[in-house]
Every structure is written in C-alpha cells, then in structure tokens.
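Survey of secondary and tertiary structure
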Amino acid sequence: MPPVFAHGRLRLYLLKLLDEAPRHGYEVIRLLEERFQGLYAPSAGTVYPRLSKLEAEGLVTHATEGGRKVYSITEAGRAELADRSGELADLELEIRDSVTELAAEIRSDVRGAAGDLRREMRAAASASATQVGEEDSWQAAKEELRKARQEWKEQARRAKDESRRAREEAQAARRQAREAQDRAREEVQRIAGQLQEQFAKSGGVLGSLAGAWLGGAPGPGPGADRPSDRPSDRASDQPSDRASGWAADLSATGDPARDLDRLLDRFRDEVRDAARDHGVTAARVAEARAHLAAAAARLSTTFGSRP
C-alpha cells in the first residue's frame, strides 16, 4: 500500500482537523477514516503520540470531558497553519492521490478475486455436472459473483467521490492562500504609502532614523548615544555590509514571489529572536517602528518602480 502521509504531514493534518472543531482522539481517528472513505484508518498508536507532541509544543491543548481528553488548537497552532497554508494545499492534493492509489489497488484486488471466483465456479460446475442439485450450486456461485461485482462498484464509487472532494478542498485552500497573500501585500503597500507621506511631511527623529536605516547619514534620535552608534563602530556595520551576506543560505527557487516570502519569514524570525534575547522596551519599540517604516517605504518604492 502506498504511504498515505509523507513524513511530518500527519502532524499538519491533525492541526487542520482541530482547527475545524475541538475533538477527542477517537473522533480524530474516525474522522480520518471517513475522509478516506474507509480506505485508510490510522491506529491509536499513530494518532495519540502525535497529539501529545503537539500539546508539548504548545500548538494544541486539552480539557477532560466525561473522562476523555478533548483536544483544541491554540493560537500558536493557528499561526503555524497560516504560515504553512501553501503546504496544506499540497497535502490535500497528496491525500487525493493517495485515495486514488488505494482505490486502484482495491479494484485490482477485486478483479483478481472475481477472476479466481469465476475459475472456481467453472471447475465446480464441471466436477458436479452429474450430481443432483447442479442448478442450485450454479445459482449460488452466480450470486457470489454478483455480490463481488457490486462490492467492487461501491468501493470504486466511494474512491471517486473522495478523490473529487479532496481535489475541490485543495483548490479552495490554494485560492484562500492566494487571497491571503494578496491582502497582506495590499496592506503592506497601503502602510508604506502612509509612511511615505508622513516622512515627506515631517523630519526630525523619524527622518534621521529612516536615513540611517536606508544607508544615509545618521542624525540624532533615540539611542544615538549608544556605543554602537559611534563612528568607529558604524564603519564596520554599514547597511550595505550587513545586506551583502544576509540570508545568503536561502538559495533561489525559481519563483520570485516565493523567494520574497522566504526572505520576509527570515526577517521576521531574526527580529523576534533579537527581541526575545535582549528584551523589549517602549523606547526600543519606538525605534523599531521607525526602522520598519523606513524599510517599508523603500521596499514600496522598489516594487513600484519599473523592472
């Protein structure tokens, strides 16, 4: 039997099921069996350890109801689903392909069994040609063959329905992912435009910070008296020096839009790590806001210009 879930994909699909509604472990197993129209049913030894691991990672939580654990997705779990929406859409397509392959194996097995049954019927009919009740035996064999054919048709129909439903869900997931990306892009452009207007109307601290971030001469502003802002330190930490090697490990995929998403993810992760390691204060948030505004304005200009 071909694998239904590739490595790590069952974990992602469990988050999707819990995002639909809180469920206990047995209900998750039953729901997976229904999604595959009875062609695949994971064991408790497969599902429960993964639910426990998701809970240890803070992606799900549980409450006890009627002596059973009912699992629910957390905000961190929803955030991971949103970040991996494209991968989830691919998973839906993989599930459809897995159902199709399983159905093909079942059809092959049914055909083989039907062929064996026909051969056994002919042999039995030939051997009992002179016996009383030959007609009854033949009718019974025909009935068995009819039942086998009916079962094969039912399984084929269920596999076809599941394949169509999985394809429709995958298409819907991909459409939602594209719409979410478009909305995020429009929001970034809108904010960048507003910040550009603010920079055009105001100077002072924000203008100085924006100039320093974009490679211009630094002016006075929050944190200007820190050792890292002294000319001797800035000489080895110019934006061009930082940018030349930043994210060099992220090789191009051939899809510019995907490459941009990966760079934005790396930027977000590094900012979060720095904030977690060094702490967040009101002054640092204000300074970070200025840096982000300047970067957003410059990126908006970059993407708005002709290639």
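The text that follows walks through the structure, step by step, so that each part is easy to find. (Residues numbered from 1 in each chain as written. Predicted model: local features only at pLDDT ≥ 70, side-chain atom pairs only at ≥ 80, totals over all residues. Heavy atoms only, no water.)

Scanning the protein for helices and strands turns up eleven helices and three strands. For the protein, the succession of helices and strands along the chain, N to C, is α-β-α-α-β-β-α-α-α-α-α-α-α-α. Per-residue burial for the protein yields a buried fraction of 26% across its 307 residues. Counting only contacts in the protein whose residues sit at least 6 apart along the sequence, the fraction spanning at least 24 positions is 61%. Element-wise, carbon and sulfur atoms account for 53% of the exposed surface of the protein, whose accessible area totals about 19,700 Å². (Helix = DSSP H or I, 4+ residues; strand = E, 2+ residues; numbered from the N terminus. Buried < 20%, exposed > 50% of the residue type's maximum accessible area, 1.4 Å probe, protein only. Contact = heavy atoms within 4.5 Å. Areas by Shrake-Rupley, 256 points an atom, 1.4 Å probe, with all protein chains shown as cover.)

As a further point, take the nonpolar core. Judged by nonpolar contacts, the single largest core of 24 residues is most densely connected at Leu14, Leu15, Leu18, Val28, Leu32 and Val47. Put simply, the parts of the chain that give this core at least two residues each are α1 (9–20), α2 (25–35), α3 (44–56), β3 (68–73) and α5 (85–127). With seven residues, the single largest contributor to this core is α1. (Core = buried A, V, L, I, M, F, W, Y, C linked by side-chain atoms within 4.5 Å.)

This part takes up the packing of α1 against helix α4 (residues 75–83). Where α1 contacts α4, the axes come no closer than 10 Å and their chain directions differ by 120 degrees. Crossing handedness for the pair α1 and α4: left-handed. Of the residues in α4, those touching α1 at Arg11, Leu12, Leu15, Lys16 and Asp19 are Gly77, Arg78, Glu80 and Leu81. (Axes fitted to C-alpha atoms, helices over the stretch in contact; angles between N-to-C directions. Left-handed = near helix turned anticlockwise from the far one by under 90°.)

We now examine the pairing of strand β2 (residues 60–65). In terms of strand pairing, β2 meets β3 through six bridges, oriented antiparallel. Looking across to β3, one finds that His62 is bridged to Tyr71. Between β2 and β3, which pair antiparallel one after the other, the connecting turn spans two residues, and Gly66 there sits at a positive phi close to 60 degrees. (Pairing = 2+ DSSP bridges.)

Before going further, it helps to spend a moment on the packing of α1 against α2. Close contact between α1 and α2 brings their axes to 11 Å; oriented N to C, the two are set at 105 degrees. Compared by their axis directions, α1 and α2 come out roughly perpendicular. Across the interface between the two elements, Leu10, Tyr13, Leu14, Lys16, Leu17, Leu18 and Glu20 from α1 touch Val28, Leu31, Leu32 and Arg35 from α2. Its residues assigned to classes, the contact of α1 with α2 shows eight nonpolar, no polar and three charged. (Parallel < 35°, antiparallel > 145°, perpendicular 65-115°, else oblique. Nonpolar A, V, L, I, M, F, W, Y, C, P; charged D, E, K, R; others polar.)

To continue, consider the environment of Lys53. Examined against the element boundaries, Lys53 turns out to sit in helix α3. Considered as a pair, Lys53 and Arg11 are 42 residues apart in the sequence and their alpha carbons are 9.2 Å apart. Polar side-chain contacts of Lys53 include one of 2.5 Å to the side chain of Glu57. (Polar contact = N/O pair within 3.5 Å; in protein donor to acceptor, adjacent residues only side chain to side chain.)

Moving on to the side chain of Arg23. Secondary-structure assignment places Arg23 in strand β1 (residues 23–24). Within the local environment of Arg23, its side chain forms a polar contact with the backbone oxygen of Leu17, the two atoms lying 3.0 Å apart. Looking at Arg23, its side chain comes within polar contact range of the side chain of Glu20, at 3.0 Å. Other than its neighbours up to four places away in sequence, Arg23 contacts Leu17, Leu18, Val28, Leu31, Lys69, Val70 and Tyr71.

To continue, consider the pairing of β3. Relative to β3, β1 runs antiparallel, the two sharing two bridges. Bridge pairing in β3 links Arg23 to Tyr71.

Considering all chains together, one arrives at 24 salt bridges under this definition. Note that Arg78 is salt-bridged to Glu75, the shortest N-O span being 3.3 Å. Of this pair, Arg78 and Glu75 both sit in helix α4, three residues apart, roughly one helical turn. Across the salt bridge formed by Asp269 and Arg268, the nearest N and O atoms sit 3.6 Å from each other. Judged by its relative accessible area of 27%, Arg268 falls in the partly exposed class. (Salt bridge = Lys/Arg side-chain N within 4 Å of Asp/Glu carboxyl O.)

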